[in-house]
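# Per-entry structural report
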Number of protein chains: 2
Amino acid sequence: MLIRSESEARIARLQGELSAQGIDAALILHPIDIFYFSGTRQTSALLVPAAGAPVLWVRKSLSRAQEESAVTVLPFPSSRDFAQQLPEGIRTIGFTFDVLPVQQYNFYAKLLPGKEFVDISAINRDLRSVKSPYELELMRASGRRTCAVFAEVPQFLKPGMREVDLAAEFEYRLRRAGSEGLTRMRAFNQEIFMGLTVSGSRAEAPGFFDGAVTGRGLSAAAPHGASLAPIDRDVPIILDFTGIWDGYVVDVTRIFVLGKLSERLTHAYQTSLAIQQYLAEHLKPGVICEELFQAAAAMAEDAGLGRNFMGAPGENARFVGHGVGLELDEYPVLAQGFKVPLKAGQTIAIEPKFVIPGEGVLGIENTFAVTEQGGENLTQSSDEIVYL
Amino acid sequence: MLIRSESEARIARLQGELSAQGIDAALILHPIDIFYFSGTRQTSALLVPAAGAPVLWVRKSLSRAQEESAVTVLPFPSSRDFAQQLPEGIRTIGFTFDVLPVQQYNFYAKLLPGKEFVDISAINRDLRSVKSPYELELMRASGRRTCAVFAEVPQFLKPGMREVDLAAEFEYRLRRAGSEGLTRMRAFNQEIFMGLTVSGSRAEAPGFFDGAVTGRGLSAAAPHGASLAPIDRDVPIILDFTGIWDGYVVDVTRIFVLGKLSERLTHAYQTSLAIQQYLAEHLKPGVICEELFQAAAAMAEDAGLGRNFMGAPGENARFVGHGVGLELDEYPVLAQGFKVPLKAGQTIAIEPKFVIPGEGVLGIENTFAVTEQGGENLTQSSDEIVYL
């Protein structure tokens, strides 16, 4: 169960933002947001007035929510009574329009006539981006456990395997270690199954996934990650995986090779390590996200790899890192156009990667916390390519 | 790649519905809906005018969409030009409000001033509920492959395993067999990771999941499915899994036991088989969904198990089957209040289950197609409890 002081602190921060922006209350409906503030992800609605006590109205399961929630739990009101459950004086209500379906919006608009609904997506994402010491401890634990599975790869990566076989072996060990499997993403249209296991030139396949790597996948319906093709010798094998315990995601990439790599690939990999080191040193409060992306892109350019940075030439993604926590795609993003300063306690997956057409994709990825001393690596283990 | 005639037939059916309801066009934005109509799930927007040729505007990846789409592909228009890309005379545009986030709605409302946006969620779900012969063949293939993994369970289910170990073993074999892993659900707030592996009294834990079974799960953030607890002897072990190939989901449950079961549990299981048989015989076009649920509930009542049907006493779910296809939770639902007739080609997971407090949960589940001759079982294999 979420400790009550955590829930209270998170709700107090939300209330501060609501007050500052003149919003009278928030009605939180997305399950992982409800979990963040209350400690349960049961199907429910969390009302947080700008001042006063929050309440969690639960549809299913009431008993499970009572067991888990740090916020007062009540049965979901009838539609007729719903409006009367709001405290006096609430006129504007914030919802997370980034994930709220129009049907849900319309349902609540009917229940709450005369109220003004406003978008608090950015408030919510900003709040959630900064992790408390308690959350950082959970992410360190997820990091240790995920790295332990990466350390086992040499035991099961064998010549002749298909990409999907290697994926299955890795996923199997993650699951036995207790990883929760379901990788939550917030952006409309984005989805992923645990991670990406891709190799050689198949890793270059472009796709819907908003990252440097997509992979062929198993069909047009699941067009990312491992394919049925066998893994070749002398190509980079990418394992880019999420490990998830207590809801907290870390995002890690390591490169494995059956045989050896060309000098060009090795040079690209060394460049990704240098970019990671630069970024880690600068993951300090106040540093502007966009400037970190620009610095990384300039380092890639200086290494003669500008066209290969974060995507195939002409299809380059314009970011080099992304927030991660209860979802894989949190704030902030180290991206062109993201002109905001880092805050202490934000957790960011740094993933400088290069696509070398005809040869493959490679790069490093670790999940860091922003601190006054620079990035704390939450997924610490050897960053070196593993040759088998 | 989706055969062009499939895409054309699906789009023609949508156009027929749009015309019948006086809607000038549909703008399809949800990835699995785009996949259904075009054959690709790349990030894009599919415009289907009530009459005339559809077009797929692609954000990412254009080249992948060109490779996969049966519909004409164009780059996503600039915001300035967007409105001019619509054919003449389009005034009302249908969107699937069930899954469309408010931010997306507002984005398109700004691009398309003066247009009226209407909800075509029900049209879309109705259309997708009826599978073509081509789709049924894909679902038969998913069914055969999923059943083959169930047949292997006696090789790896061992005393002393934890629920999560058994889950990992099953998932591992599904993935090596090429199952795509990511189980798509449409309903707001619902999610699942591949399936549920639960046993004994832990299977009774109530939860957010809209089914008879939820399980304890691994944490309050992932409160469904396998837990870290060991599997006991002489209790029902439920494997309730989705297998997914080419995007098509089948949903199957089988019961395994290390040891033996009480007479009460055995009686409940025999009742679930009898209910399944009754429902399968009546899965014919024209039969009313609600009446099938009511008949199943009456059979449970007659067997002295009314209070145990589809949930713990007092928390009973009011359904006994659900549509399945590209998503786990499709139309129709064999549920109280679902007063619509079945149609030939609909595919429905039938899952009569019983919760016996203190003893466990058990029941059968297979995925059937509605035919003039009654349900065709797409997941045919022995329905008997496997004792080990």
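What you are looking at is a predicted structure, and each value in this text was computed from that prediction instead of being measured.

Rules of the game
- Residues numbered from 1 in each chain as written.
- Chains lettered and ligands numbered in written order.
- Predicted model: local features only at pLDDT ≥ 70, side-chain atom pairs only at ≥ 80, totals over all residues.
- Heavy atoms only, no water.
- UniProt positions renumbered as here; feature names shortened; annotations may be inferred.
- Helix = DSSP H or I, 4+ residues; strand = E, 2+ residues; numbered from the N terminus.
- Buried < 20%, exposed > 50% of the residue type's maximum accessible area, 1.4 Å probe, protein only.
- Pairing = 2+ DSSP bridges.
- Domains from an automatic or database assignment.
- Contact = heavy atoms within 4.5 Å.
- Buried area = accessible area lost by both parts, 1.4 Å probe.
- Salt bridge = Lys/Arg side-chain N within 4 Å of Asp/Glu carboxyl O.
- Polar contact = N/O pair within 3.5 Å; in protein donor to acceptor, adjacent residues only side chain to side chain.
- Phe/Tyr/Trp six-rings, centres within 6.5 Å; stacked < 30°, edge-to-face > 60°.
- Lys NZ or Arg CZ within 6 Å of the ring centre and 35° of its normal.

The feature "domain: Peptidase M24" (unreviewed entry), as annotated in UniProt, sits at residues 137-372 of chain A in this numbering. Helix makes up 28% of residues 137-372 of chain A and strand 22%. Its end C-alpha atoms lie 17 Å apart.

Our focus in this paragraph is the pairing of strand β9 (residues 248-257) of chain B. All names here are of chain B. Among the 10 residues that make up β9, 10 are buried, leaving the element largely enclosed by the rest of the structure. Of the two faces of β9, both are covered, the one formed by Tyr 248, Val 250, Val 252, Arg 254 and Phe 256 as well as the one formed by Val 249, Asp 251, Thr 253, Ile 255 and Val 257. The pairing of strand β8 (residues 237-245) with β9 spans 9 bridges and is antiparallel. Each residue of the ladder has a partner; that of Asp 240, found in β9, is Thr 253. Linkage of β8 to β9, two consecutive antiparallel strands, is achieved through a turn of 2 residues, within which Asp 246 is found at a positive phi near 50 degrees. Sheet topology places β9 next to strand β17 (residues 386-387); 2 bridges connect them, and they run parallel. Residue pairing across strands places Phe 256 opposite Val 386, the latter belonging to β17.

Here we come to the domain arrangement of chain A. Residue and element names in this part refer to chain A. Structurally, chain A comprises domain 1 (4-128) and domain 2 (130-387). Each partner contributes residues to the interface: domain 1 has 17 residues there, and domain 2 has 14 residues. Summed over both partners, the interface of domain 1 with domain 2 buries about 1400 Å², with 44% contributed by carbon and sulfur atoms. The largest per-residue losses of area from domain 1 upon contact with domain 2 belong to Ile 32, Arg 125 and Arg 128, which jointly make up 45% of the total buried on that side. Inspection of the domain 1/domain 2 interface yields 5 salt bridges. The closest approach of N and O atoms between Arg 10 and Glu 135, which form a salt bridge, is 4.0 Å.

With respect to the helices, strands and loops of the structure, Ser121(A) is situated in helix α5 (residues 121-129). On the basis of relative accessible area, Ser121(A) is assigned to the buried category, the value being 4%. Polar side-chain contacts of Ser121(A) include one of 2.5 Å to the side chain of Asp119(A). Polar side-chain contacts of Ser121(A) include one of 3.3 Å to the side chain of Gln103(B). Apart from the residues within four sequence positions on either side, Ser121(A) is in contact with Phe95(A), Thr96(A), Phe97(A), Asp98(A) and Gln103(B).

Residues and elements named next belong to chain A. One pass over the structure, following the stated rule, counts 32 aromatic pairs over all chains. Aromatic pair Phe 95 and Phe 117: ring centres 4.4 Å apart, planes at 40 degrees, arrangement tilted. Here Phe 95 is found in strand β5 (residues 92-95), whereas its partner Phe 117 is found in strand β6 (residues 116-119), with 22 residues between them in sequence. In this structure, Phe 95 and Phe 117 share a single accessibility class: buried. Following the ring pairs from residue to residue traces out a cluster consisting of Trp 57, Phe 76, Phe 82, Phe 95, Phe 97, Tyr 105, Phe 107, Tyr 108 and Phe 117. The positively charged end of Arg 59 is found above the aromatic ring belonging to Phe 76, 3.8 Å away from the centroid. Sitting above the plane of the Tyr 36 ring, Arg 128 keeps its charged end 6.0 Å from the centroid.

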